[in-house]
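Coordinate analysis (summary)
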Amino acid sequence: MKTNLLALLFLFMGFQLFAQEKTITGTVTSADDGLPLPGANVVIDGETNGTTTDFDGNYEIVIENGDVLVFSYVGFQSKTITVENQEVLNVALQADLESLSEVVVVGYGEQKREDLTGSIATINSEEIQKTPNSNVMQSVQGKVSGVQIVSAGSPGASPTVRIRGLGSYDAGSSSVLYVVDGAFYNNIDFLDSKDIKSINVLKDASSAAIYGVRAANGVVIIETKKGRKNKKPVIEYDTYTGIQVAQNVLKMANAEQFTTMAYESGSTADVQFILNAMQRYGRSEINPNVPAVNTDWYDEILRDAVITSHGISVSGGGENSNYSVGANYFKQEGILDMKNEYERLNLRSKLDIDVTDGIRMGSSFIFSNATQYAPESSAWFKAYHAVPIMPVYDNLNTAATPIAYSNAQNLGYRDTQNPFPDMSYNKNQLKTRKVLANAYIEADIIKDKLTFKTSYSHDFSTIEGHYIDFPFNLGNNVEGFSGITRDQNNYSNQYWDNTLTYDDSFGKHNLTLMAGHSFRDEATNTFYASGRDIRGINLDTSQYLDFADPTSFSGNVGENASRIYGLSFFGRAAYNFDSKYLLYGTLRYDGSSKFTKDPWGLFPSVGTGWVLSKEDFLKDSKAIDFLKLRASWGQLGNDNVAASSGSNTVTNQYAIFDGTAYTGYTSSSVFTDNDWELVEEFNFGLDSEFLANRLSLNADYFIRDTDNAILPITIPVINTVLNQNAGTIRNQGLELSANWSDNIKDDFSYSVGANFTTIKNEVTEIINEQGYINGGTAEFRQRTMVGEPVQSFFGLEVVGVYQNDAQVEASPFSENNPEASLQPGDLIFKDQNNDGVIDDEDRVFLGSFLPKFTYGANINLNYKNWDFSLSIYGQGGNKILNRKRGEIIYTNDTNMDADLAINRWHGEGTSNSYPSSAGLRKSWNQQLSDFWVEDGDFFRIQNFQVGYTIRSSKLPEIRFNFTAERPLTFFKYNGFTPEITDGVDRQTYPIPAVYTVGLNVKI
């Protein structure tokens, strides 16, 4: 591929040398006052070769006859001119209200940005391409108010996306809808960032309502790049490669700290384990009272990992068509030192054709072939708990095969602890193949007024899982047997949409009407089988079920399937008077086979806007260029939940009595018969532009209720949990964003932006006998209750640490909680009801994993051929349950993090917030409390990029860049990362920093 690219490069250079070129000069001015516009951009359309005007608005550029020049300037409308025989070309640009005439892609259509009544945010392609990642949604983090992106560190893993909070009890029911070129998807891991033109986020119910039941949690509309008519082919090659580095690596107790804590624990067994380590591995030369081995397990299992991407595309068009084709190869290694990586090859095409003057058709096609080797997540958990006085390898462990890994049981500990057997003796392969096709036909029934469009899309995906367990022995009767599990998951999602759109103007009255119909068919099929005792398991050719013991298949083979149908009818009306008074409304009638009780739902929405800047009292304002107030209300059904069974559950049974076989069935009176979750939202917003459109300010306040929320309700008597419509969940908040852009001189421009969001998640109704719903586990309790966020942490409140015997004796808990056997170094819990006893009645809400606020900011500088950008991101108000630390409740003889070792109570006055080493091993201190629940606030340098572009009429455009993604993150939480999807950190994959160098060549 590199050879072909070079050949094309030299061929193009030859064409340029012999092409007929000429120099065009001219002046760019303001059409309003005739003043020159210094720093205006003058570029050749589609090639980005160009220049900027000087202080007097003058420019000079070398072009060919037939080239199209694009003139642009901040705060003014761009102008496109085809150059023919001119040698002097003067251009006057019209003032533009921050591209308010820009067309924004909305549901089943487009609208001018100035006519929008809902809350819609746009991210352009330049911002998207700055992030080196396998999933384009990662690039949205910190750039849009009201959108929370929770990063994923594992190769190929998709980030969690939440738009305006969590609206369902089950986080899986809050996934957003992705619309790519009109086709619907649940995940966009098949897209490459270089293929994307823009991302529009529909945040409020009014904007998303037209998409119906799949849009209840927000919509992300993605428009991919396409060619241009009458444009010669443009070839673009883009590549980057770099390194991923684990950051904020958690410090664990070293051998000396661990030994000290073992001696302080009061445990005779723990002390003996230390002596056993000294006898087996020797004593430290520095401190003979400490074992010689000092293993940093995180350092052992981590590695620097490579990430790379190569993409090539060709786009262009003729008189009646445009096209874009491309290919991309992406590979990402994981920072966990095992077979842990992600590799993907994408092929795509996009074609639009004007069949006649009034008929258009087009198609897009994507083929994605990805292979992922998933990590052994248990490695993170074991690395945290593995004692530092044990090495990775132990030649004395002669029973260990095929690798002499150490086993903590040889020192007396209960578990093996070593994470390397999990990493070495497992291979988890996932092969994903996706074929995504979309086609449409559009016809003008009445030219420029009435248009019919029909489109069909099919998303066919196959995910093949191949999980291999290799045989091993660690000694002490710890043995792993060979085994293989295979599964194949087939997904076939088909959508057929038809719309009829009428668009007309009557004087200052502008009206758009649309009616539509949509059908969906979503089918899944899963087959799985597993076997053991694989012959020749170490040979790649034998790692299949044919080589398994046939008797091991019994009960380990199965197949299941599901199919969901949806039918919808919808309509939209958008009216404005002189783009000053705006009215917008939608109505959608949705049917879903998921609901047997009532499969149909009617969901309306309405929006209104008032452009004050067009009123007489503001239209001549020198400071205010645009000011709009808007409000909207809408309802959406949410069927992104488990389907209802709808009737008694019947199970076939087979039994033998007195030697005779009988068949029959059992029936359960417990079944689900749920209705729609109903999302209802009010949104109030303001959009404004100031100071010659250089400053923009936007604000939104929303109240979003999920009524009939499906909650896990315990049925009395039979003590069975069923999902039922039994509550209401509210999310409300404020979204603010501001942007400033300006040109300082002819070769220097800059922009600055910031956004801030507050979100309050609250349960406002629960319909059950208890008045609350318990989640988590008995040891790590989460509770959902009216007035609190969903699945909040629930436990005791720590107010200090007992410092001496006198303080212990004076405590009422010494007498009223005799089982605690309180001692100095134990935690002091707050007696919430002042009854002198610490029990379940003293538990309180300790916080939520959902942040109370998020924020982001960015700065972009352009100086001559250099460009620089910096973005930040942060969040606050959320809590994290440090469960990996808290699981000392199950096993007391493991290691702990250095924060615990350093800050532990070890004498009067040494700590008033951490228990002693002995206290950590007591059930009194192991109760869930805010000691185990930590702050999740963080601030991050999100992205830093510097680039240099070579622009010459004799060469293709070439850009070099260096990017640092997430280079610095600041937080207090005792873990690798404060980004935990559900707030429970047990074995979370770390989020690496990424450093890349990139090259872009456009011919």
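Residues numbered from 1 in each chain as written. Predicted model: local features only at pLDDT ≥ 70, side-chain atom pairs only at ≥ 80, totals over all residues. Heavy atoms only, no water.

Details of the overall build of the protein chain
Formally: In this text, helices come from DSSP runs of H or I with a minimum length of four residues, and strands from runs of E with a minimum of two, each type numbered from the N-terminal end. Every radius of gyration here is taken over C-alpha atoms, with the globule rule written as 2.2 Å times N^0.38, N being the number of residues. Partly exposed describes any residue whose relative accessible area lies between the buried limit of under 20% and the exposed limit of over 50%, with all areas from a 1.4 Å probe on protein chains only and scaled to the type maximum. Throughout, a residue-residue contact means that at least one pair of heavy atoms, one from each residue, lies within 4.5 Å. For accessible areas, the Shrake-Rupley method is used with a probe of radius 1.4 Å. Any residue's cover is judged against the shown protein chains and nothing else. The sign given to each residue is positive for Lys and Arg and negative for Asp and Glu; His and the chain ends receive no count. Throughout, a charge is located at the NZ atom of Lys, the CZ atom of Arg, the CG atom of Asp or the CD atom of Glu.
Each helix and strand counted, the protein chain has 14 helices and 52 strands in total. Against the 2.2 N^0.38 benchmark of 30 Å for 1003 residues, the protein chain shows a C-alpha radius of gyration of 32 Å, consistent with a compact globule. With respect to the three principal axes, the spread of C-alpha positions in the protein chain is 95 × 65 × 65 Å. Looking at the protein chain as a whole, 53% of its 1003 residues are labelled buried. Long-range pairs, those at least 24 residues apart, make up 69% of the contacts in the protein chain between residues at least 6 apart in sequence. Surface exposure of the protein chain reaches about 42800 Å², of which carbon and sulfur atoms provide 54%. Separation between the mean location of the 80 positive side-chain charges and that of the 122 negative ones in the protein chain comes to 4 Å.

A few points about the environment of Ser 364
Note on placement: Ser 364 falls in strand 21 (residues 359–373). The class for Ser 364 is buried, based on a relative accessible area of 17%. For the pair Ser 364 and Tyr 298, spaced 66 residues apart in the sequence, the C-alpha separation amounts to 45 Å. The contact partners of Ser 364, leaving out residues within four places of it in the chain, are Ser 349, Lys 350, Leu 436, Ala 437 and Asn 438.

Considering the sheet that holds strand 13 (residues 177–180)
Defined as follows: Two strands are said to pair when DSSP picks up at least two bridges between them. Helix axes are fitted to C-alpha atoms over the stretch in contact, other axes to C-alpha atoms as well, and angles between N-to-C directions run from 0 to 180 degrees.
The strand order across the open sheet formed by five strands is 10-15-16-13-14, and the pairing between neighbours is mixed. Looking at strand neighbours, the two that pair on one side only are strand 10 (120–124) and strand 14 (183–185), the edges of this open sheet. Pairwise comparison of adjacent strand axes, ignoring direction, gives a mean angle of 20 degrees for this sheet. Note: strand 13 against strand 14, three bridges, orientation antiparallel. From the neighbouring strand, Val 180 faces strand 14, where its bridge partner is Ala 183.

Describing the nonpolar core
Where a protein is soluble and globular, its nonpolar side chains tend to be buried together. Heads up, the rule is: Joining through side-chain atoms within 4.5 Å is the link that ties buried Ala, Val, Leu, Ile, Met, Phe, Trp, Tyr and Cys residues into a set, and such a set is a nonpolar core.
With 50 residues, the main nonpolar core has Tyr 298, Ile 301, Leu 302, Leu 336, Ile 389 and Tyr 413 as its most contacted residues. Looking at this core, the elements that each hand over two or more residues are helix 4 (255–264), helix 5 (268–281), helix 6 (297–301), helix 7 (378–385), helix 8 (420–424) and strand 24 (472–475). At five residues, the largest contribution of residues to this core is made by helix 5. If we skip the residues at most four places from it in the chain, Ile 301 touches Ile 335, Leu 336, Asp 337, Ala 379, Trp 380, Ala 383, Pro 419, Phe 420 and Met 423.

Describing helix 4
Filter applied, for reference: The directions considered for the arc run from the helix axis to the C-beta atoms. Any N or O atom pair separated by 3.5 Å or less is treated as a polar contact, with the protein-specific requirement of one donor-capable and one acceptor-capable atom, and with residues adjacent in sequence counted only for side-chain atom pairs.
Of the residues making up helix 4, those classed as buried are Ala 255, Phe 258, Thr 259, Met 261 and Ala 262. Buried positions in helix 4, seen along its axis, are confined to an arc of 165 degrees and lie on one side of it. Capping the start of helix 4 is the job of one residue whose side-chain oxygen sits 3.2 Å from the backbone nitrogen of Glu 256: Asn 254. Among the residues trailing helix 4, Gly 266 stands out with phi positive, at a value near 80 degrees.

Some words on the sheet that holds strand 4 (residues 58–64)
Within the open sheet, the three strands sit side by side as 4-1-7. Their pairing is mixed. Both edges of this open sheet fall to strand 4 and strand 7 (91–93), since each of them pairs with a single strand only. Averaged over neighbouring strand pairs, the angle between their axes works out to 35 degrees when direction is ignored. Judged from the three bridges that link them, strand 1 (residues 21–30) and strand 7 form a sheet pairing that is parallel. Across the sheet, the residue bridging to Val 28 is Val 91, located in strand 7.

Concerning the confidence of the model for the protein chain
Put simply, the rule reads: Within a predicted model, pLDDT stands for the predictor's per-residue confidence, ranging from 0 to 100.
Scored by pLDDT, the protein chain comes out at a mean of 91, with 93% of its residues at no less than 70. Within the model, pLDDT remains below 50 along residues 1–19, and this stretch shows 20 contacts once partners closer than five positions in the same chain are excluded.

Regarding the packing of helix 4 against helix 5
The condition is simple: If you view the pair so one helix is near and one far, a crossing is left-handed when the near helix is turned anticlockwise from the far one by less than a right angle, and right-handed when it is turned clockwise.
Between helix 4 and helix 5, whose axes approach to 7 Å, the crossing angle comes to 145 degrees. As for the relative orientation of helix 4 and helix 5, their crossing is left-handed in sense. In this structure, helix 4 contributes Phe 258, Thr 259, Ala 262 and Tyr 263 to the contact, and helix 5 contributes Asp 270, Val 271, Ile 274 and Leu 275.

Some details on the pairing of strand 19 (residues 321–333)
When a strand is regular, its side chains alternate between the sheet's two faces. Taking every second residue as pointing to the same face, the buried face of strand 19 carries Asn 322, Ser 324, Gly 326, Asn 328, Phe 330 and Gln 332, while none of Ser 321, Tyr 323, Val 325, Ala 327, Tyr 329, Lys 331 and Glu 333 on the other face is buried. Here strand 18 (residues 305–317) pairs with strand 19 via eleven bridges, running antiparallel. Across the sheet, residue Ile 312 finds its bridge partner in strand 19, namely Ala 327. Hairpin connection of strand 18 to strand 19: three residues between the antiparallel strands. As judged from the 13 bridges shared by strand 19 and strand 20 (residues 341–354), these two strands associate in the antiparallel manner. The residue of strand 20 that forms the bridge with Lys 331 is Glu 343.

A short note on the domain arrangement of the protein chain
How we decide: For every domain, the bounds stem from an assignment made automatically or drawn from a database.
Taken as a whole, the protein chain is organised into domain 1 (22–96) and domain 2 (99–235). Here the C-alpha centre of domain 2 lies 32 Å away from the C-alpha centre of domain 1.

Topic: unusual backbone geometry
Pro 402 follows Thr 401 through a cis peptide bond whose omega is -5 degrees. Tracing the backbone through its elements, the reader meets Pro 402 in the loop between helix 7 and helix 8. Phi at Gln 791 takes a positive value of approximately 50 degrees, unusual for a residue other than glycine. Along the chain, the position of Gln 791 falls in the loop between strand 41 (781–785) and strand 42 (792–795).

Focus: the side chain of Ser 461
Within the secondary structure, Ser 461 is located in strand 23 (residues 450–469). A distance of 2.9 Å separates polar atoms of two side chains, one belonging to Ser 461 and the other to Asp 459. Apart from the residues lying within four places of it in its own chain, the contact partners of Ser 461 are Arg 433, Lys 434, Asn 489, Asn 490 and Tyr 491.

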